[in-house]
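Chain residues, written in single-letter form:
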Amino acid sequence: MSKLKGSLKQIIKAVSGYNFERRGRGRSSYLAFARDNIDMKVFYAESLLLTDQTKEEVIRTKGVYDYLQQLRLKTILDTYQINTVLDVGANMGQFARDLRRTGYQGKIISFEPLSTTFEELKNASAGDPNWDTYQLALGKENGKQQIHVADSSVFTSFLKANAWCEERFGASSVGSREETVTVRRLDEVLGEMVDNLEQARIYLKMDTQGYDLEVFKGLGHLTDPILALQTEVSVIPIYQGMPPLIDSLTFFEKAGFELAGMYPVSFEHATLRVIEFDCMMVRASD
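Residues numbered from 1 in each chain as written. Predicted model: local features only at pLDDT ≥ 70, side-chain atom pairs only at ≥ 80, totals over all residues. Heavy atoms only, no water.

Caption draft 1: Layout of the overall build of the protein chain. Looking only at helices and strands, the protein chain has 9 helices and 13 strands in total. Looking at the protein chain residue by residue over its 286 residues, the buried ones come to 48%. Looking at the protein chain alone, contacts between residues at least 24 apart form 61% of all its contacts between residues at least 6 apart. With the model as given, the accessible surface of the protein chain reaches about 14,500 Å², and the carbon-plus-sulfur share is 50%. (Helix = DSSP H or I, 4+ residues; strand = E, 2+ residues; numbered from the N terminus. Buried < 20%, exposed > 50% of the residue type's maximum accessible area, 1.4 Å probe, protein only. Contact = heavy atoms within 4.5 Å. Areas by Shrake-Rupley, 256 points an atom, 1.4 Å probe, with all protein chains shown as cover.)

Caption draft 2: Structural context of helix H4 (residues 94-101). Among the residues of H4, Phe95, Ala96, Leu99 and Arg100 are the ones counted as buried. Burial along H4 is one-sided: seen end-on, the buried residues are contained in an arc of 140 degrees. Downstream of H4 by one or two residues, Gly103 has phi in the positive range, about 105 degrees. (Arc of directions from axis to C-beta.)

Caption draft 3: Quick look at the packing of aromatic side chains. Considering all chains together, one arrives at 7 aromatic pairs under this definition. A centroid spacing of 5.0 Å and a plane angle of 50 degrees characterise the contact between Phe155 and Phe169, whose relative ring orientation is tilted. Taken together, the positions of Phe155 in the loop between strand S8 (143-150) and helix H6 (163-169) and Phe169 in helix H6 put the pair 14 residues apart, joining distant regions of the chain. You can call Phe155 buried: its relative accessible area is 14%. Through a chain of ring-to-ring contacts, three or more aromatic side chains come together here, namely Phe216, Phe251, Phe252 and Phe257. (Phe/Tyr/Trp six-rings, centres within 6.5 Å; stacked < 30°, edge-to-face > 60°.)

Caption draft 4: Here's a closer look at the pattern of salt bridges. One pass over the structure, following the stated rule, counts 12 salt bridges. For Arg185, the salt bridge goes to Asp187, with nearest N and O atoms at 2.7 Å. Among the residues examined, Arg185 registers a relative accessible area of 18% and is labelled buried. With a relative accessible area of 27%, Asp187 lands in the partly exposed category. Because the salt bridges share partners, they merge into one network encompassing Lys140, Glu214 and Lys217. (Salt bridge = Lys/Arg side-chain N within 4 Å of Asp/Glu carboxyl O.)

Caption draft 5: View of the sheet that holds strand S9 (residues 175-184). Strand order in the open sheet formed by 3 strands is S7-S9-S8, with mixed pairing between adjacent strands. The open sheet has two edge strands, strand S7 (137-138) and S8, and neither has a second partner. Across 2 bridges, the pairing between S7 and S9 is parallel. The residue of S9 that forms the bridge with Ala137 is Val183. (Pairing = 2+ DSSP bridges.)

Caption draft 6: Inspection of the pairing of strand S6 (residues 131-134) at higher detail. Residues Trp131 and Thr133 of S6 are buried on one face, while the alternating residues Asp132 and Tyr134, pointing to the opposite face, are not. As paired strands, strand S5 (residues 107-111) and S6 are joined by 4 bridges and run parallel to one another. Following the sheet pairing, Phe111 is matched in S6 by Tyr134. Note on the crossover from S5 through helix H5 (residues 115-125) to S6: the handedness is right-handed. (Right-handed = clockwise from strand over helix to strand, strands pointing away.)

Caption draft 7: Broad picture of the confidence of the model for the protein chain. Across the protein chain, pLDDT averages 84, with 78% of residues at or above 70. Low confidence marks residues 35-52, where pLDDT is under 50. Its contacts with residues over four positions away, or in another chain, come to 53 contacts. (pLDDT = per-residue confidence, 0-100.)

Caption draft 8: Spotlight on the pairing of S5. Buried residues dominate S5, accounting for 4 of its 5 residues. Between the parallel elements strand S4 (residues 84-88) and S5, the chain passes through H4 in a crossover that is right-handed.

Caption draft 9: Representation of the nonpolar core. The biggest cluster of nonpolar side chains holds 40 residues, and the ones touching the most others in it are Leu86, Leu186 and Leu204. If we skip the residues at most four places from it in the chain, Leu86 touches Ile109, Phe111, Leu186, Leu190, Ile202, Tyr203, Leu204 and Lys205. With 22 residues, the next largest nonpolar core counts Ile82, Ile108, Leu121 and Ala228 among its residues. (Core = buried A, V, L, I, M, F, W, Y, C linked by side-chain atoms within 4.5 Å.)

The structure is reproduced here in structure tokens:
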């Protein structure tokens, strides 16, 4: 077994440039990945990659997928020379902070409609002159709209959570009140918010809990600056009227984008089925 592990480590090092090793002992051990010139990357405790795993250990290795997703994102940003990231459904700025940790230094424009969550986002962006924040929702029509606010803000959506969502994620995932928010079309705000739009090379990240297609429709014919995108697609719908995965992929493919990566967002623990994926797509012709 030790020879096999040694060979696998050599292969991973040759292919990816990363070393991996086990740290700690027993139940408190974990896997770590590193390159010579960056800090050690630590995953969840008790991860047992490349060995037999219990169901609970498989669930915990989502941290591996998350890390590989960050590597893929960095590669896309570099390959397509992205200089502007639209962070739609920014919540408290988690995605933007991850972008900075990957080394991205370009413009970030974050959109978050909820008043209380927007304050958290604004605080997160303070001190970063290249990170702009707007208290807006995006959609295919301008106006005012009621949004269902969940106690767990990441579940807040224009769509109502279904019974399966409440059963799986608990009462905090269901909208407990409503808030009126401002909705704008992307094709109307981009010119206001992006300097030198003709030179912009945009990565469009959408995480709007079942509303991503409506966000994209708000671009109208102004899709040329979008060279890559990220959308959350549903395998098991958790909102009423949420488009299924195949419909979402077909929609973006017809708009000229092709699949570049899919990474699980959440699992159904009982069966290990994936509930949602983060889907990365690129305009490959560019």
